[in-house]
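Spelled out, the chains give:
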Amino acid sequence: MSEVVKVENLGKKYIIGHQKQRYGDSLRDAMTHTARSIWQRIRHPLSPNRESIDLEELWALKDINFEVQQGERVGIIGRNGAGKSTLLKILSRITEPTTGRVHLKGRVSSLLEVGTGFHPELTGRENIFLNGAILGMTKQEIKAKFDEIVAFAEIEKFLDTPVKRYSSGMYVRLAFAVAAHLEPEILIVDEVLAVGDAAFQKKCLGKMESVAQEGRTVLFVSHNMVAMQTLCPRAIWLDDGETKRDGQASQVISDYLQSNTSSQTEQVWDDIETSPGNDVVRLHWVRVRPENGSPSGPITMNMPLLIEVEFWNLVPDAHLHVTLHLYTEQQVVAFSTGSSNDSVWGDRPFPVGLFRSVCQIPGNFLNSGIHRVFLLVVRNRDTVIYRHEDAISFDVLDLGKRKGAWLGKEPGVVRPMMKWTTEHLSGT
Amino acid sequence: MNEIVIEPNRSLKLFWQEIWAYRELFYFLAWRDILVRYKQTVIGIAWSVMRPLLSMIILTVIFGRLAKLPSGGVPYPILVCAAMLPWQFFANTINLSSNSLVSNRGMITKIYFPRIIMPTSGMVVSLVDFLLAFGILFCLMLWYGYWPTWKVIVLPFLLLFAALASLGVGYWVSALNVKYRDFRHLVPFVIQFGLYVSPVGFSSNVVPGKWKLAYSLNPMVGVIDGFRWALLGKQVGLYLPGFLLSIGIVVLIFLSGVWFFTKTERGFADII
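Report on the accompanying structure.

Definitions and limits used
- Residues numbered from 1 in each chain as written.
- Chains lettered and ligands numbered in written order.
- Predicted model: local features only at pLDDT ≥ 70, side-chain atom pairs only at ≥ 80, totals over all residues.
- Helix = DSSP H or I, 4+ residues; strand = E, 2+ residues; numbered from the N terminus.
- Contact = placed C-beta atoms within 7 Å.
- Rg over C-alpha atoms; globule rule 2.2 N^0.38 Å.
- Buried ≥ 20, exposed ≤ 12 C-beta atoms within 10 Å, placed from the backbone.
- Core = buried A, V, L, I, M, F, W, Y, C linked by C-beta atoms within 7 Å.
- Pairing = 2+ DSSP bridges.
- Axes fitted to C-alpha atoms, helices over the stretch in contact; angles between N-to-C directions.
- Parallel < 35°, antiparallel > 145°, perpendicular 65-115°, else oblique.
- Left-handed = near helix turned anticlockwise from the far one by under 90°.
- Nonpolar A, V, L, I, M, F, W, Y, C, P; charged D, E, K, R; others polar.
- Expected span 1.5 Å × (residues − 1).
- Arc of directions from axis to C-beta.

Quick look at the overall build of chain A now. Helix and strand counts for chain A stand at 8 helices and 17 strands. Considering only contacts within chain A whose residues lie at least 6 apart along the sequence, 72% involve residues at least 24 apart.

This brings us to the overall build of chain B. Along its length, chain B carries 12 helices and 1 strand. Put simply, chain B runs from its N terminus to its C terminus through helices and strands in the order β-α-α-α-α-α-α-α-α-α-α-α-α. Taking 272 residues into account, the globule formula puts the C-alpha radius of gyration at 19 Å, and chain B, at 20 Å, falls close to it. Each principal axis of the C-alpha atoms in chain B carries an extent, and together these give about 65 × 45 × 35 Å. Residues classed as buried in chain B amount to 43% of the 272 residues present.

With that settled, consider the nonpolar core. In this structure, Ile188(A), Met228(A), Ala235(A), Val80(B), Ala82(B) and Ala165(B) are the most contacted members of the largest nonpolar core, which totals 137 residues. Once you skip the residues sitting within four places of it in the chain, Ile188(A) turns out to touch Leu88(A), Leu91(A), Ser92(A), Val108(A), Ser110(A), Leu111(A) and Leu219(A).

Residues and elements named next belong to chain A. Read across the open sheet, the 4 strands follow the order 10-11-12-15; overall the sheet is antiparallel. Of all the strands in the sheet, just strand 10 (266-268) and strand 15 (353-361) have a single pairing partner and so form its edges. Along the sheet, successive strands turn relative to each other by an average axial angle of 20 degrees, direction set aside. Pairing between strand 11 (residues 281-290) and strand 12 (residues 305-313): 9 bridges, direction antiparallel. When the sheet's bridge partners are listed, Arg282 is paired in strand 12 with Trp312.

A word on the packing of helix 3 (residues 124-134) of chain A against helix 4 (residues 139-153) of chain A. Residues and elements named next belong to chain A. Direction vectors running N to C along helix 3 and helix 4 enclose 125 degrees, while the axes themselves pass 11 Å from each other. One way to sum up the angle between helix 3 and helix 4 is to call them oblique. Between helix 3 and helix 4 lies a crossing whose hand is right-handed. Contacts between helix 3 and helix 4 pair Ile128, Phe129 and Gly132 from the former with Ile142, Phe146 and Ile149 from the latter.

What follows deals with the interface of chain B and chain A. In this complex, chain B contributes 23 residues to the contact, which on the side of chain A involves 31 residues. Of all the elements in the fold, those that place two or more residues in the side of chain B that touches chain A are strand 1 (3-6), helix 2 (23-37), helix 5 (105-110) and helix 12 (268-271) of chain B. It is helix 2 of chain B that provides the largest number of residues to the side of chain B that touches chain A, a total of 6 residues. Its residues placed into classes, the side of chain B that touches chain A shows 13 nonpolar, 2 polar and 8 charged. Relative to strand 1 of chain B, strand 4 (residues 99-105) of chain A runs antiparallel, the two being bridged by 4 bridges. Of the residues in strand 1 of chain B, the one forming a bridge with Val102(A) is Ile6(B).

What follows covers the packing of helix 4 (residues 76-103) of chain B against helix 10 (residues 219-231) of chain B. All names here are of chain B. The contact between helix 4 and helix 10 brings their axes to 9 Å, and the two run at 140 degrees. Accordingly, the angle class assigned to the pair helix 4 and helix 10 is oblique. Relative to helix 10, helix 4 is oriented so that their crossing is right-handed. In contact with Leu79, Ala82, Ala83, Pro86, Trp87 and Phe90 of helix 4, helix 10 contributes Met220, Val223, Ile224, Phe227, Arg228 and Leu231. Each residue belonging to the contact of helix 4 with helix 10 can be placed in one class, and the counts come to 11 nonpolar, no polar and 1 charged.

Time to look at the sheet that holds strand 3 (residues 73-77) of chain A. Strand pairs in the sheet, formed through backbone hydrogen bonds, run parallel or antiparallel to each other. All names here are of chain A. Across the sheet, 6 strands lie side by side as 5-6-7-3-8-9; this open sheet has mixed pairing. The sheet terminates laterally at strand 5 (108-111) and strand 9 (242-248), the two strands that pair on one side only. Geometrically, the sheet is characterised by an average inter-axis angle of 15 degrees between neighbouring strands, direction not taken into account. Its contacts with the sheet put helix 2 (residues 84-91) on strand 3, strand 5, strand 6 (186-190), strand 7 (217-221) and strand 8 (234-239), and the angle it makes with strand 6 is roughly 150 degrees.

Residue and element names in this part refer to chain A. The end-to-end C-alpha distance of helix 8 (residues 249-260), which contains 12 residues, comes to 16 Å, matching closely the 16 Å that a straight helix rising 1.5 Å per residue would cover. Among all positions in helix 8, only Ala249, Val252, Ile253 and Tyr256 are buried. Buried residues of helix 8 fall within an arc of 95 degrees about the axis and therefore sit on the same side. Packing partners of the buried residues in helix 8 comprise strand 3, helix 7 (225-231), strand 8 and strand 9.

What follows deals with unusual backbone geometry. For Arg93(A), which is not glycine, the phi dihedral falls at a positive 65 degrees. In this fold, Arg93(A) is placed in the loop between helix 2 and strand 4.

Our next topic: helix 5 (residues 168-180) of chain A. Residues and elements named next belong to chain A. The end-to-end C-alpha distance of helix 5, which contains 13 residues, comes to 18 Å, matching closely the 18 Å that a straight helix rising 1.5 Å per residue would cover. The element helix 5 is extensively covered by neighbouring structure, given that 10 of its 13 residues are classed as buried. Among all positions of helix 5, only Tyr171, Val172, Arg173, Leu174, Ala175, Phe176, Ala177, Val178, Ala179 and Ala180 are buried.

Now the structure itself:
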């Protein structure tokens, strides 16, 4: 194996301008300001208008270093504005770096946006040739692959229709079909999976897998972490223009997702006087954690979870139960569960003191996404004596590799793993 | 396997290699621009003949009939037509190439290729127009019984000079247009003005002798005089010092255009 991409100390600086002064509030102020700036422009036509624009340096990328071996598939993740697109733009030579250098071995093709260079007035046939040339294919290559491209895009009937009359689905399919038949040594892909329906996505993914199996190198940017995890064994996490993590995709992605969630998996109140509650019950501690492994580690779909609630009972002989309502992102209650199921304390009166109730949620049950927990304390099985909304929240991550084609979120409030059996009943 | 190194400030030698490597894209872009030029028009490609024909008639009426400017024995329509063809080639190229970068913004920000092929492909489109419009001149010469002499072999060179002049201007303006869109408004105006300061509607002999050399600072003066000299036989002479001056200016414009374009092109994707 040899390295085909080598990035050394790469940096990119942008100069951005801010408007320093606000225009005055009156129309007269705005007019005098405009007149003055026009006069400035006439006197110094080529210099930036220093009076009103304040220039600031912005390093979109700082000191990036990595190497990619031939045949590797590397995902690049990070929040919007982290520098992913800038990195891809430099690698595909659209823009120049400010510092550092990149060595690329072999032909590079980038799919920064499918359909670039399509001309609406030209027919499908003409656009295949034009777009192929723009993406770096030779005329012979395009001719050799023409039928394959047309079949892939499923547009046989409309080959000689101008693409401006295509439906948006046809347009995207054609655009991707041309791009998918490129045969570069290094393929740079940005968010192409965002297009098309599930059947088309399946085709695209199959194509990308086969590209990698042919020993070509793929650099892939996406916000779809399931797709990323399925396609790329390695991931690089960019944060604020710098490499935050580079390594095995599952690890990097789960670190990234965890850093990104707004979840609050634990709340502790030490002072019994001020903690939430009333003169009957007060909360001490609420938290959610994976049943096995580190309490602060990521929560994924297949993990059994524990939700732990500690509270002080202030009244002797109280019949108390804790009830949890689990809300999904769509404000739907996924389920409600109560400690009245507890075989030991379920029917026993509580003496004064600190109690802990733990709810066990099995693995492979919750769907992915943010969940919020509402906590209720119920007395005598019928009266809610205390209610704490948004006690904790946690993000269930979907990190498994999938066999199927669908890489979006599965529908449903919960996603239990059901047992299925199929029998072959007869021959015909 | 060929290795590409991306670093700040690429060298000029690579620049020429790359243009060669991307020649096929250049061909496809020119082909696209020719194909779409007259899409969804009724008379289609006939427009490339209509425009010079109508301009020629108007200029002949104004300068030949109304102003009665001397033509030195050459039928006025031929005099105008021989100048109109290179002039329109020049003007169309500047027009197309100066807007080429801005109107292909999507490609510039999404795909890498040597940017200079974009304004250059505009020249190919106007070249096709030029060749079609040449039919008018051919018919006119047939009608007036003019047979070109051996001098016609210099026409391709004169055409080359017209191409270099228009490309030089096109490189300057298209690169400037990326940052300052003022040029989008300035260019049509300057071209319209240029039609009247260049000897299109009249012979350059109407310019007084002492101004002749200064007049040749306009690069199109040399090209147009050359065209008339090559096509119209004995009646038209060539003022050699002026011609050489014009050609020198053409070369200067072209080289400086390439220089300015290559100096600024690496920033195009960031500011377009």
